[in-house]
Amino acid sequence: MASGSGSKNDFRRKWDKDEYEQLAQRRITEEREKKDGKPVPPVKRELLRHRDYKVDLESKLGKTIVITKTTPQAEMGGYYCNVCDCVVKDSINFLDHINGKKHQRNLGMSMRVERSSLDQVKKRFEVNKKKMEEKQKEYDFEERMKELREEEEKAKAYRKEKQKEKKRKAEEDLNFEDDDEMAAVMGFSGFGSSKKGH
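Before going into details, it helps to say that this report is about the structure given with it. Predicted model, so just to flag it, every value in this text is computed and none were measured.

The helix and strand inventory of the protein stands at five helices and six strands. Put simply, the protein runs from its N terminus to its C terminus through helices and strands in the order β-β-α-β-β-β-α-α-β-α-α. When burial is assessed residue by residue, the protein has 8% of its 198 residues classed as buried.

Inspection of the entire model under this criterion finds four salt bridges. Put simply, Arg 168 and Glu 165 hold a salt bridge, and the shortest N to O gap is 3.0 Å. Placement of the pair is Arg 168 and Glu 165 together in helix α5 (residues 141–186), with a separation of three residues, close to one helical turn. Arg 168 sits in the partly exposed class, given a relative accessible area of 39%. For Glu 165, a relative accessible area of 34% gives the class partly exposed. In this structure, a network of salt bridges that share partners links the residues Glu 161, Glu 165 and Arg 168.

So, on to a positive patch on the surface. On the surface, Lys 156, Arg 159, Lys 160, Lys 164 and Lys 167 cluster together into a patch of positive charge. Following the sequence through the fold, Lys 160 ends up in helix α5. Accessibility expressed as a relative area gives 56% for Lys 160, which makes it exposed.

On to the environment of Val 66, then. Topologically, Val 66 is positioned in the loop between β3 (46–48) and β4 (79–81). The class for Val 66 is exposed, based on a relative accessible area of 70%.

Positive phi, close to 55 degrees, is recorded for Asp 85, a residue that is not glycine. Position of Asp 85 relative to the elements: it lies in the loop between β4 and β5 (86–88). Overall, Asp 85 belongs to the partly exposed group, its relative accessible area being 44%.

Among the secondary structure elements, Gly 77 is positioned in the loop between β3 and β4. By relative accessible area, which is 30% here, Gly 77 ends up partly exposed. Placed 13 residues apart in sequence, Gly 77 and Asp 90 show a C-alpha to C-alpha distance of 9.3 Å. Apart from the residues within four sequence positions on either side, Gly 77 is in contact with Ile 67, Val 87 and Lys 89.

What follows is about helix α2 (residues 91–98). Every buried residue belonging to α2 is among Phe 94, His 97 and Ile 98, and all of these are buried. An end-on view of α2 places all buried positions within 90 degrees of arc, on one side of the element. Those residues of α2 that are exposed and aimed more than 90 degrees away from the buried face are Ile 92 and Asp 96. Structurally, α2 contributes buried residues whose contacts are with β4, β5 and α3 (101–106).

How each quantity is defined
- Residues numbered from 1 in each chain as written.
- Predicted model: local features only at pLDDT ≥ 70, side-chain atom pairs only at ≥ 80, totals over all residues.
- Heavy atoms only, no water.
- Helix = DSSP H or I, 4+ residues; strand = E, 2+ residues; numbered from the N terminus.
- Buried < 20%, exposed > 50% of the residue type's maximum accessible area, 1.4 Å probe, protein only.
- Salt bridge = Lys/Arg side-chain N within 4 Å of Asp/Glu carboxyl O.
- Patch = residues over 30% accessible without salt bridge, like charges linked within 9 Å, V, L, I, M, F, W, Y side chains within 5 Å.
- Areas by Shrake-Rupley, 256 points an atom, 1.4 Å probe, with all protein chains shown as cover.
- Lys, Arg positive; Asp, Glu negative; His and termini not counted.
- Charge placed at Lys NZ, Arg CZ, Asp CG, Glu CD.
- Contact = heavy atoms within 4.5 Å.
- Arc of directions from axis to C-beta.

Worth remembering: the numbers are spatial, not functional.
Following this line, the structure appears as structure tokens:
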């Protein structure tokens, strides 16, 4: 390794080149023996696929959590990714993380998407078309008429309430004017207000 031979004032390390060359050769031969002369096959990852669960972003919304030094990382503030063992501070960055390359690689998927065939696309269109037809069947004419009647009844009730409110205000104004006239007859003044001059 480093030899201390030389003058006393020379503090540079002297390396034994022959020894290190032998170590390098030994390492190369060991690697060749492990491979058996074949190149190491690349890691085969799955193609990207749809998420089969709903991402929970609202569960901690509006809640207060006390965080201490001993609080586990998963319960600290922010969104915890148990696959990558990291905490992301906000929902946008969390979505970017779970859709990103690092997270997908840790799940064992590549960022490549399976190429769809024409038959798969046609089947998908048929499924979506059936869903739309079912929604239209559920929303039939009778229900629509019932909803319209309910809306009309609510509008009528609202108009009646408004008319009653107007009548009440008008009666209160009349009562207030009657009180002013009675006070004037009895000799009371309006306490210096300049609204009406009697």
